[in-house]
Each structure stands twice: as C-alpha cells, then as structure tokens.
Amino acid sequence: MIKTVYSKGKLVAKTGNEVVAEAMRQIEPDVVAAYPITPATEIVQIFSQFVADGIVKSEYVAVESEHSAMSATIGASAAGARAMTGTSSQGLSLMWEMLYIASGLRLPIVMAEVNRAISAPINIHGDQSDTMGARDAGWIQIYSENSQEAYDNMIQATRIAEKAKLPTLVTTDGFIISHCMEVVETYPDADVKAFIGKYEPERYLLDIKKPYTLGSIDLQDYYFEHRYQLAQAMRNAKNIVLDVAKDFEKTFGRKYDLCEKYMLDDAEIAIAVIGSTAGTAKVVVNELREKGIKAGLLKIRVYRPFPAEEIAKDLAHVKAVAVMDRADSCSGAFAPVYSDIVASLYASGVTNPKVVNYVYGLGGREINTGHIIGIYEMLCKIASGTEKSSNKVEYINVRIK
Amino acid sequence: MANLKELSKNPERLTGGHRLCAGCGAGIVARQTLIAAGSTPVVITNATGCLEVSTTVFPYTAWKDSFFHSAFENSAATCSGIETAYRSLKAQGKIKDDIRFITFGGDGGTYDIGLQSLSGAMERGHRMLYICYNNEAYMNTGIQRSGATPKGAHTTTAPAGKVRQGKEQNKKDLTQIMIAHDIPYVAQAYVGNWNDFITKVQKALAVDGPSFINILTPCRLGWAYKPEDTMLISRLAVETCVWPSFEVENGVYKINVIPKEKKPVIEFLKLQGRFKHLFRSDNAHILETIQKGVDEKWDLLQRRSAVGCRA
Ligand SMILES: Cc1ncc(C[n+]2csc(CCOP(=O)(O)OP(=O)(O)O)c2C)c(N)n1
Ligand code: SF4
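This is a predicted model, so every value here is computed, not measured.

J.: So what about the overall build of chain A? Which residues, and what values?
T.: A tally of helices and strands in chain A yields 13 helices and 16 strands. Expected size for 401 residues packed as a compact globule is a radius of gyration near 21 Å; at 21 Å, chain A falls within 12% of this value. In terms of its C-alpha atoms, chain A occupies a principal-axis envelope of roughly 70 × 55 × 40 Å. Within the span of chain A, comprising 401 residues, buried residues form 57% of the whole. Total accessible area on chain A is roughly 16300 Å²; 53% of this is exposed by carbon and sulfur atoms.

J.: Run through the interface of chain B and chain A, naming residues and quoting values.
T.: Each partner contributes to the interface: chain B provides 41 residues, whereas chain A provides 39 residues. Interface area for chain B against chain A, summed over the two sides, is near 3100 Å², with a carbon-plus-sulfur share of 64%. Contact with chain A buries area across many residues of chain B, yet B:Phe58, B:Phe68 and B:Arg124 alone supply 19% of it, more than any other trio. Along the contact surface separating chain B from chain A lie 2 salt bridges.

J.: Mind laying out the environment of B:Ile44, listing which residues take part and the relevant values?
T.: Residues and elements named next belong to chain B. Here Ile 44 shows up in strand β1 (residues 42-46). The buried category is assigned to Ile 44, whose relative accessible area is 0%. Once the C-alpha coordinates of Ile 44 and Tyr 130 are considered, the two residues, 86 residues apart in sequence, prove to be 9.9 Å apart. The residues contacting Ile 44, other than those within four sequence positions of it, are Leu 34, Trp 63, Asp 65, Ser 66, Phe 67, Phe 68, Ile 102 and Phe 104.

J.: Any details on the packing of helix α2 (residues 25-37) of chain B against helix α8 (residues 194-206) of chain B? Residues and values, ideally.
T.: Residues and elements named next belong to chain B. Two elements in contact, α2 and α8, have axes whose closest approach is 9 Å; the angle formed by their N-to-C orientations is 55 degrees. The angle between the axes of α2 and α8 places the two elements in the oblique class. Relative to α8, the crossing made by α2 is right-handed. Counting all contacts with α2, which are made through Val 29, Gln 32, Thr 33, Ile 35, Ala 36 and Ala 37, the residues of α8 involved are Trp 194, Phe 197, Ile 198, Val 201, Gln 202 and Leu 205. Residue composition of the contact of α2 with α8, grouped by class: 9 nonpolar, 3 polar and no charged.

J.: Describe α2(B), with residues and values.
T.: Between the first and last C-alpha of α2(B) there are 19 Å, a value that for 13 residues agrees with the 18 Å anticipated at 1.5 Å per step. Following α2(B) by one or two positions, B:Gly38 adopts a phi angle in the positive range, close to 65 degrees.

J.: How would you sum up helix α11 (residues 308-315) of chain A? Please name residues and give values.
T.: Residue and element names in this part refer to chain A. By the burial criterion, the buried members of α11 are Ile 311, Ala 312, Asp 314 and Leu 315. The buried residues of α11 all sit within an arc of 165 degrees when viewed along its axis, so they share a single face. Facing away from the buried side of α11, by more than 90 degrees, are the exposed residues Glu 309 and Lys 313. Where α11 is buried, its residues touch β10 (259-262), β12 (295-300), β14 (320-325) and α12 (336-347).

J.: Before we move on, can you summarise the UniProt feature "domain: Thiamine pyrophosphate enzyme TPP-binding" (unreviewed entry) in chain B with the specific residues and values?
T.: The sites that UniProt annotates as "domain: Thiamine pyrophosphate enzyme TPP-binding" (unreviewed entry) are residues 48-215 of chain B. In the segment residues 48-215 of chain B, helix accounts for 35% and strand for 16%; the C-alpha atoms at its two ends are 17 Å apart.

J.: Describe in detail the sheet that holds strand β8 (residues 252-255) of chain B, supporting the description with residues and values.
T.: Spatially, 9 strands are ordered β9(A)-β2(B)-β1(B)-β3(B)-β4(B)-β6(B)-β5(B)-β7(B)-β8(B) in an open sheet, and the strand pairing comes out mixed. Here the strands that pair on one side only, and so sit at the sheet edges, are β9 (213-214) of chain A together with β8 of chain B. Across 5 bridges, the pairing between strand β3 (residues 100-106) of chain B and strand β4 (residues 129-134) of chain B is parallel. Each bridged residue has a counterpart across the sheet, and for B:Thr103 the counterpart in β4(B) is B:Tyr130.

J.: Report on the site of ligand 2, specifying residues and quantitative values.
T.: In the neighbourhood of ligand 2, the contacting residues comprise B:Leu20, B:Cys21, B:Cys24, B:Cys50, B:Asn135, B:Cys219, B:Arg220 and B:Leu221. Of the residues in the shell around ligand 2, the class split is 6 nonpolar, 1 polar and 1 charged.

J.: Explain the site of ligand 1 residue by residue, including any values.
T.: Close to ligand 1 lie 18 residues; B:Cys50, B:Gly108, B:Gly109, B:Tyr133 and B:Asn140 are nearest. Each of chains A and B places residues next to ligand 1. At 2.9 Å, a backbone N or O of B:Cys50 approaches an oxygen atom of ligand 1. The contact in question runs from an oxygen atom of ligand 1 to an N or O atom on the side chain of B:Asp107, over 3.2 Å. With 3 residues, helix α5 (residues 107-112) of chain B is the single largest residue contributor to the shell around ligand 1. Each residue belonging to the shell around ligand 1 can be placed in one class, and the counts come to 7 nonpolar, 8 polar and 3 charged.

The rules behind each value
Residues numbered from 1 in each chain as written. Chains lettered and ligands numbered in written order. Predicted model: local features only at pLDDT ≥ 70, side-chain atom pairs only at ≥ 80, totals over all residues. Heavy atoms only, no water. Helix = DSSP H or I, 4+ residues; strand = E, 2+ residues; numbered from the N terminus. Rg over C-alpha atoms; globule rule 2.2 N^0.38 Å. Buried < 20%, exposed > 50% of the residue type's maximum accessible area, 1.4 Å probe, protein only. Areas by Shrake-Rupley, 256 points an atom, 1.4 Å probe, with all protein chains shown as cover. Contact = heavy atoms within 4.5 Å. Buried area = accessible area lost by both parts, 1.4 Å probe. Salt bridge = Lys/Arg side-chain N within 4 Å of Asp/Glu carboxyl O. Axes fitted to C-alpha atoms, helices over the stretch in contact; angles between N-to-C directions. Parallel < 35°, antiparallel > 145°, perpendicular 65-115°, else oblique. Left-handed = near helix turned anticlockwise from the far one by under 90°. Nonpolar A, V, L, I, M, F, W, Y, C, P; charged D, E, K, R; others polar. Expected span 1.5 Å × (residues − 1). Arc of directions from axis to C-beta. UniProt positions renumbered as here; feature names shortened; annotations may be inferred. Pairing = 2+ DSSP bridges. Near = heavy atom within 4 Å. Polar contact = N/O pair within 3.5 Å; in protein donor to acceptor, adjacent residues only side chain to side chain.

As structure tokens, this is what we get:
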C-alpha cells in the first residue's frame, strides 16, 4: 500500500503515461516537440491538451517525424529553452543520429521513453531493445520500476540533465507501466518547480549579445578532445545523479540511488534486473526468504552512467548471480546488461560470483513469479555446486524447437 | 528594390577567411543574405554541406551571428525548434529582441534527404526563411547527382560514359512543391543579380510566416568552369530561361527578370565541363530535349504570371 511520504503529497490513481505527463505539466518545459508512437503516444497527447487548455505556458510542436522531433528539441535546447520530448521503439531508432548530436553538443534535453520492442517483426509491446540500442549515445538512462518512480525520475532528470549538461532519458516499460493504473503520490506544483529551479543556460543561440557558432566541423585536431570531454561528463554524472537523489529525498522523502539493493546484503544468490521486473522479483525474494533461502535482488536504476564499481561491490559476496536482460544484443555471445556486469566484476577483481545470463520478455512475452522462481532455483544449484553455471545465454519462456 | 548606397552601410556579417573555393556561389549567397538582413538580429541554421563545413572549421567561425548546425537532413526541423523556443521565451518575457531565423541548405539537403523536414516546417508555419543554395549536386561529397541535377549533367553517380550520358531524369521542380505549401512567400533567384536576390530576402524576412528562396548557385568545381565565370554563368541561366527568376507572393506569380532576348540553352551549357559530352554529334538529340523542356516550362511560367495567376 502506497502511503504519502511527503507531508503535502497527494495520492492519485494514474497510469504511467498519465503520471509522466503530470510531471511534464509541473516541470512546464518551454518547448516540447514530439511525434506519436504506441505506447508513448498518450504522454504527449495529454501534454498537448495541457497546452491547448492554457494550463502550461509551453510551446508544443507536433512535428512530422521523430527525427524532426529530436532535431527540433535540439534546436530549442540550443536556443536556450528547457526542451523535452517523448518516444518509444521505432521512434527512438529514427532519432538515433540525433541522439548522438544532442549529447555531443551537451544539450540538457529530457526525454520520456517508453520501452518497446524493435521491428522486425513489428511488435508494440514492452522490452528494452530500444533504449539498449541507444545505450552508447551519451545519454543518461534512468529506468523506472513503477509509476511512482517514473514520476520521481522525471522530476530528478530535469535537474540532472541541466547540471550534467547531458541529455537524459527516463524509461517506463511499455504497457506494464505505461498503461497500468497505480496509486502514485504527486507533489504540489510549487514544490516541484522549486525543486527543479529556473533554467539558466550558460550560453545559448538567442543571446544575440553573445552570438556563437555551435555544431561546427571538428577535425583531427579537436574532435577527440570533445568526445573525451563527453565521456568525462558521463563519468561525472554519477555524482550528480546521487546529489540530486539526496536532495530529492530531503525534499520529498523518497530515497533513490544508482541501484537498489533488495535483501542483497546477506544474499547468497541474486538476480540483477532493470525496470518493472524488479517489482515481480521482489515478490519472489520475499517468498524465498520466508523459506529461509538467502535470495536477493539488485535493481539497476541508472544504466548510463553505468555504476560499475558499485555493482561489483554489491555483488562481490554473492555466490551465484543471474543477470536478466529484456533485450538481446545478437552479439553471438551475451546480452547487454550481462556484458556490462561481468566486465565490472572482472575489472574490480571480483571473481567470486558465478554469473549467468537470461534473456526474457521480448516483445512483451510474459515474465511471472514462476519464471523467476525457476531462476532462483537454478541459482541455488549453481551456488551449491550441483549444477554447473551455463556460459551461454539462456532464454526464458520461449519456444525453442 | 534594394538601394546599393543604403546596403553599403549594412555591416558585413560573414567574414572573409572562410574556406569555400574561389568563385563559389554559396559564399555570395550567404553574404548577400546577411547584408539584406541589415541590422536585424538573426540566428542561422545550416544543413551539412559545403557552406557549413567551409565556414565553421573549429575553433574558427566565419559567422558573426549565432550559427547552428546539427545534421544534414534536418536544418528546417532544427530551425523550427529554435523559432519555437524564441516564441516561448519571448512570450515569457525572457527575450526582448526581435530576431529572425534563416536556414541554408544545399540542394541535396533540401530536394532529397531534407524534403520531409522542410515540408513539415513550412506546413507548421514557423516564421523562418529557408534558402536553398542550389548548385545542382551533392558537392561536398564529390559531385553526386541530386534531385536538382538537370538532365544531361555529368556527376560522379550519374556519369557520362559509353552508353549513358549523364543524368537521365529531369530535375525535380522543388519551387513548385514549395508553392503548393501555400506559404506567404516563395521565390527563385540566382547569383549574379544582387538586387533581385536581396530584394527577395528582404521581402521574405518581412512576411509573418514561412518563406522559401531557391537560388541557383554555381559551383566552379562541380560545374567545371573558371572561377571568375560564376556571375556570367548564373546570368546565362536566366537569359536562357533555364532558371527563371520569379516570385510567388500569397499565391500570385510574378516573373522578376524577363530576358530581352531569350538565348538558346547551349549558351548556358557550353561554358561548363559537366555538359561537355552533350556537344558530341551523337548527343544532339539530348540537347534538343533539354531545349524543349526549358521552352515548355518557360511558357507555363509566363502563362501562370500573365494575369497575376494564382497558384
Ligand atoms: C545522413 C547523412 N547522409 C549523408 C551525409 C554525407 N553528406 C554530407 S554533405 C553531403 C552532400 C551535401 O550536398 P548539398 O546538400 O547539395 O550541399 P553542397 O555540398 O552542394 O553544399 C552529403 C551526402 C551526411 N552528412 N548525413
Ligand atoms: S565545391 Fe562547389 S559548392 Fe563546394 S565550396 Fe567549392 S565551389 Fe563551393
């Protein structure tokens, strides 16, 4: 049962999309440019109604494609506006070229991204192939377990992006969060506005007293330094995310971190997962704990910047870990989150846990407590040595033959 | 009509020292556009292409105004975002100045890959002037054919060879496509007549909505002529009616430059290396079809503008 944790908070029943739109209303960016795509459409649809009703002062640009949505958002941000967009799947894919330009030019755009499978075959349901495909674009990526987190993450993202000078996306799992009604605590407009503060860009195109050239051609003599600075900005962003989370907790009472450790400190077996499946896995952990099984969970909230050292530390004592990926990288080897985690462990000199990789839930395929129990059972066997850990990707709930 | 004496007082807003080829028409277009803007503050966006890469080699810039480049196909969409930010910040009282927005795109970034974003921006009605500096090919990547390349021209992806004689298709009539958007101001112009072009830029900047100017912009490298002939060749395009200078204000056509004597198309073609192969006797029929195509288009334009015909 959700309780208000903020004295002036209000409990409302809203879907993920509704609550993300609500956060956008409270943030009231100067410009939103967007193009519809299931399951993210509602967010910008609701927001455009706010604009039509004069509830927000924002300008809404109903562009003719996602490529132009990101281009216009980039233009608006470079011009000195607080700029936002929202998309999913094919939309994010069509933005790919511009995602790199947003980060390369260090524009603090915030995007509401609803995770959805990538074509082909066309599928509108939830998996994380879209944002995993954009993982190297230089965007901060924050994943939400439920609608409450989506709302809180959007508010935090605004400050994070502006402080880090990096575009930031907040994701919700398609349909599972975007269309599922939950009880969410929202905060008063004035308090959200006070938390995010005024946006005062250092340099912007519309400042005609200080005209400047942005997006110039950068040859062998400068490009590398600029890309290095971008990579450094992503490294520095970790502390910015943490600082904003601390402030958020102080203000609104909800605690956030790069990752969430659930019953992990004394766990012998653990699952590492991103997004809404963490909620399902928590139910399983509770059941197993009642039976005296030392199961734990690591929920990765901030995927970019990747909390490599923190994850290595959190998992160092665990005997067997299952990394659950809701995307396949088709690398011929492992899925994306697994590769990141194994690299983190190895680089930190942590060799204790056996780590296995499960790909699940592609195209919205069901993942339920039964499947997750199965994974923990396998981890028990691997931990006790009765089963050897598989060194290849395992697929959950798929018809292989 | 622009007044030269008045214009000479306007500041130079594109500096020398950019790296465009000697004789490049694109630099002339950019410079005259900004002279036309006078002292009005502008923010410039530019599609990837010769103009952009030659004027912004980091850490230098040839632009005295704010200049933004994001990618190749989206300069109109990018400008939409800037113009929208301007309206938002202005309404909130955060910006006081009256600013205009100008986008430059080559023909590749305008006729082909950027057509969707251009069309979207015009349809949405952003107050911006889009100028296509039309050198009739992708010059920056080495003279490949574009939708603006005329029939018979040799390019590196539509080369003249043993069995093919350069580009086989006609050029796309983008100006008509823009007119079909029912925007307040559309024009064709050409390098080599500063007065015609500058007047058009001033008209375009004055309209409260989107405007589009398609300016034929010789490229000495891609068209293969002597750098000092840029103006001459450009004027020949108008005198032969290959590229008529006209405008459409709120749907009403007007031809701006009517040649005293309509010259044969070969006068325009013969000075350029890209048409060299057409002057072989076995290609005479191609020259004939080019002339026929030009005549038909010119007749149509005259009929459209005769009685102030509406689009
Ligand atoms: C998506 C994409 N495709 C291709 C290119 C490569 N490219 C850069 S400039 C250019 C040609 C530009 O031609 P045009 O727009 O006619 O301008 P010009 O070079 O003539 O100035 C191309 C193909 C690119 N930058 N981006
Ligand atoms: S190649 Fe042509 S368009 Fe490009 S700079 Fe040289 S003359 Fe100008």
